[in-house]
Amino acid sequence: MQAASRLASRGSTALLRSARQPSSTFARNGWGAQQFRLNTTASSPQPKKTSKWVILKNVVKYGLVASVGYGAYVMYEHRHPPAQEQLDPSKKTIVVLGSGWASTSFLKAVDTDHYNVVVVSPRNYFLFTPLLPSCTVGTIDVRSLVEPVRFIARHKSREVKVYEAECTEIDPEKKQITITDNSEVKGSASVSQIPYDYLVIGIGAMNQTFGIKGVEQYGCFLKEVWDAQKIRTKLMDCIETAAFPGQSSEEIDRLLHMVVVGGGPTGVEYAAELHDFLVDDLTAWYPELAGKVKITLVEALPNVLPAFSKQLIDYTESTFKEQNITIHTKTMVKEVREKEIVVQRPDGTADTIPYGLLVWATGNTARPLVRNLMAKFPETQTIRRGLAVDDWLRLAGSENIFALGDASATKYAPTAQVAAQQGKYLARIFTQMANRDKLEAEAQMATTEEERSKKERKLAKARDIKPFHYSHQGSLCYIGSDKAIADLPFGPGNLASGGVATYAFWRSAYVSNLFSTRNRTLVITDWLKKTLLGRDISRE
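Residues numbered from 1 in each chain as written. Predicted model: local features only at pLDDT ≥ 70, side-chain atom pairs only at ≥ 80, totals over all residues. Heavy atoms only, no water.

**Let's talk about the nonpolar core**
Item 1. Residues Leu97, Ile170, Ile177, Ile201 and Phe430 are the most contacted members of the largest nonpolar core, which totals 125 residues.
Item 2. Of the residues forming this core, the biggest block, 10 residues, is contributed by helix α15 (residues 416–445).
Item 3. Leave out the neighbours within four places in its chain, and Ile170 touches Leu97, Gln176, Ile177, Tyr196, Leu199, Ile201, Leu369, Leu373 and Lys376.
Item 4. Counting 14 residues, the second largest nonpolar core, distinct from the first, contains Ile212, Val261, Val333 and Tyr355. (Core = buried A, V, L, I, M, F, W, Y, C linked by side-chain atoms within 4.5 Å. Buried < 20%, exposed > 50% of the residue type's maximum accessible area, 1.4 Å probe, protein only. Helix = DSSP H or I, 4+ residues; strand = E, 2+ residues; numbered from the N terminus. Contact = heavy atoms within 4.5 Å.)

Below is the structure:
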């Protein structure tokens, strides 16, 4: 019994000891009581600390999803326009001439719930002209810069008639225009008359040649799609002809001498694009000719880019010097011949400059239709460069004809920026005029003095039409070698900038100003293709 008691006592002591101390197996595995308590505490719910990286990750993720969703919606809407109301005979008709910056901006902004709209233009598309120099060397495809007018017209609330034709006559007394089918394929009807209540003239301007002999015959302009295609064809012709066996050194030098006349943004940007083409592509594919190509810019004024600040002018000229682009300022072209131009130097002496390709980018002059209309208002239309208008863009001498863009003669520079703002402004004017007419009718139908007084107050506000005010958003110009310049309004003065960072801003600004998501996608894709695969050097 005593032995059994001692065994029981020892067993109880062992059990107590084992309860106080962890077993060797648990200890070896790190599962002691203290460790267990710590793990239990650690596994209890704790408030989570959200890091900045998690927030950024979520913003990027959801932003990307939203962007893709919005892009898909925009593309679907572009391909599936809604149903439109038919033309309403009870509403007034606005006839719009042209499909450039001014007319297209007006068409996009005008409210077709108030008016019937008819568009007449020799081309059935809008062309984004600021990037046209890039098309001449294959940086951007021409199709990426055009937006069919019907894409815009089809998305209006009311049907818009679009006629690809040229307006040949404007009759202000009968309030009608004569249009002619100028396409190569003609039907039984090639001439027609269209009546209007309001006429909006936005047909732009022609290239200014100053009456210099030989310009139209031998020079290449840079204003339309076919101009860019002609320059591209002739450029490659000059290069391939220079590579033809047996050419003399003098003839090779002439063929590879590219001359640009005009030191404005168009001329400077074309010279810059041409330089990039020669450096980036011709050096690899025409190594025997690359070092022989020369670019010359001829300007009659004391410096290029007169609309920019002196700091940016100097920067451009120094950049062109680094790129071996020769600038001849204070040099006037007197005659253009088949293989050379005759110029007058600053000292008054005459000289000849041989060329293979001549690009003429000197300015604008009024179109024949504009000059014919000016002749019908001899007392008020006395400005030769375009149609004189008042502060509301109404033709001087007429109550129902409006002119805007390069077709008009205003105190503003003939730029795309001015034309686009004029188009949007005029669309607002027409909306205000429609509201005014509606309020006038309601005021006459008012039955009480209080109601009539209320309508009169609204009518007075609708009659107060503010004049057009141009808001300058700055000037941009590409100068080659992935550099650009920008002259931007900033506070009381201007902010002048130039270099690679400005080039990135130049690209983003132009992409944002393209009229559709379709054009933006195509242009960005063209830039990407050029970076990865180079430019296309084929002739056609």
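**Considering the UniProt feature "domain: FAD/NAD(P)-binding" (unreviewed entry) in the protein chain**
Item 1. When the UniProt feature table is mapped onto this chain, "domain: FAD/NAD(P)-binding" (unreviewed entry) is found at residues 93–423.
Item 2. Span residues 93–423 is 31% helix and 26% strand, its end C-alpha atoms 17 Å apart. (UniProt positions renumbered as here; feature names shortened; annotations may be inferred.)

**Overview of the packing of aromatic side chains**
Item 1. Under the defined criterion, the tally for this structure stands at 18 aromatic pairs.
Item 2. With a centroid separation of 5.5 Å and an interplanar angle of 85°, the aromatic rings of Tyr115 and Phe430 are classed as edge-to-face. You can see Tyr115 sitting in the loop between α5 (101–109) and β2 (116–121) and its partner Phe430 sitting in helix α15, a full 315 residues away along the chain.
Item 3. Taking the relative accessible area as the measure of exposure, Phe430 reaches 0% and is therefore buried. (Phe/Tyr/Trp six-rings, centres within 6.5 Å; stacked < 30°, edge-to-face > 60°.)

**Concerning the side chain of Lys156**
Item 1. For Lys156, the location among the structural elements is in the loop between α7 (149–153) and β5 (160–164).
Item 2. With no salt bridge to any partner, buried Lys156 finds its closest opposite charge in Asp111, at an N-O distance of 6.8 Å.
Item 3. In this structure, Lys156 is in contact with Gln84, Leu107, Lys108, Ala109, Val110 and Thr112, ignoring residues within four places of it in sequence. (Lys, Arg positive; Asp, Glu negative; His and termini not counted. Salt bridge = Lys/Arg side-chain N within 4 Å of Asp/Glu carboxyl O.)

**With respect to helix α17 (residues 500–513)**
Item 1. With 14 residues, α17 should reach 20 Å at 1.5 Å per residue; the first-to-last C-alpha distance of 20 Å fits that figure.
Item 2. The inward-facing, buried residues of α17 contact α11 (265–285), β22 (475–480), β23 (483–490), β24 (493–499) and α18 (517–533). (Expected span 1.5 Å × (residues − 1).)

**A word on the UniProt feature "coiled-coil region" (unreviewed entry) in the protein chain**
Item 1. Under the local residue numbering, the UniProt record ascribes the feature "coiled-coil region" (unreviewed entry) to residues 431–465.
Item 2. Regarding residues 431–465, the helix share stands at 86% and the strand share at 0%, and the terminal C-alpha atoms are separated by 11 Å.

**Describing the sheet that holds strand β11 (residues 257–261)**
Item 1. The parallel open sheet is built from four strands, whose spatial order is β13-β12-β11-β17. The open sheet has two edge strands with one neighbour each: β13 (325–328) and β17 (357–360). Here the average twist between neighbouring strands, direction ignored, is 20°.
Item 2. In this structure, β11 lies alongside strand β12 (residues 294–298), joined through five bridges in parallel fashion. Within β12, the residue paired with Val260 across the bridge is Leu297.
Item 3. The sheet strands contacting helix α9 (residues 225–242) are β11 and β17, and the helix crosses β17 at an angle near 155°. (Pairing = 2+ DSSP bridges. Axes fitted to C-alpha atoms, helices over the stretch in contact; angles between N-to-C directions.)

**Remarks on the pairing of strand β15 (residues 340–344)**
When a strand is regular, its side chains alternate between the sheet's two faces.
Item 1. Examined bridge by bridge, strand β14 (residues 332–336) and β15 share four bridges and lie antiparallel to one another. Its bridge partner being in β15, Met332 is matched across the sheet by Gln344.
Item 2. Hairpin connection between β14 and β15: a loop of three residues separates the two successive antiparallel strands.
Item 3. Bridging between β15 and strand β16 (residues 350–354) involves five bridges; their strand directions are antiparallel. Bridging from a neighbouring strand, Val342 pairs with Thr352 of β16.
Item 4. Linking β15 to β16, which pair antiparallel, is a turn of five residues; within it Gly348 sits at a positive phi near 95°.

**Some thoughts on the pairing of strand β6 (residues 166–171)**
Item 1. Where β6 lies against strand β7 (residues 176–180), five bridges are found, and the strand directions are antiparallel. Across the sheet, Glu169 pairs through a bridge with Thr178, a residue of β7.
Item 2. Following β6, the chain reverses through four residues before pairing antiparallel with β7; Lys175 in that reversal takes a positive phi of roughly 55°.

**A few points about the packing of α5 against α15**
Item 1. Their axes nearest at 7 Å, the elements α5 and α15 cross at an angle of 35°. The two elements α5 and α15 meet at a crossing, and its hand is right-handed. When α5 is examined against α15, the residues Trp101, Ala102, Ser105, Phe106 and Ala109 are found in contact with a partner set consisting of Ala416, Ala419, Ala420, Gly423, Lys424, Leu426, Ala427 and Phe430.
Item 2. Within the contact of α5 with α15, the residues separate by chemical class into 10 nonpolar, two polar and one charged. (Left-handed = near helix turned anticlockwise from the far one by under 90°. Nonpolar A, V, L, I, M, F, W, Y, C, P; charged D, E, K, R; others polar.)

**Describing the pattern of salt bridges**
Oppositely charged side chains may form a pair once their charged atoms are brought near each other.
Item 1. One pass over the structure, following the stated rule, counts 20 salt bridges.
Item 2. For the salt bridge of Asp437 with Lys92, the shortest nitrogen-to-oxygen distance reads 3.9 Å. Of this pair, Asp437 sits in helix α15 while Lys92 sits in the loop between α4 (52–79) and β1 (93–97), and the two are 345 residues apart along the sequence.
Item 3. Residue classification places Asp437 among the partly exposed positions, given a relative accessible area of 27%.
Item 4. The class for Lys92 is partly exposed, based on a relative accessible area of 38%.

**Focus on the packing of α9 against α11**
Item 1. Closest axis-to-axis distance for the α9/α11 pair is 14 Å, and the angle between their directions is 45°. Considering the angle they form, α9 stands oblique to α11. As α9 packs across α11, the resulting crossing turns out to be right-handed. Mapping the contact onto sequence places Ile231, Leu235, Met236 and Ile239 in α9 and Tyr270, Leu274, Phe277 and Leu282 in α11.
Item 2. Tallied by class, residues from the contact of α9 with α11 come to eight nonpolar, no polar and no charged. (Parallel < 35°, antiparallel > 145°, perpendicular 65-115°, else oblique.)

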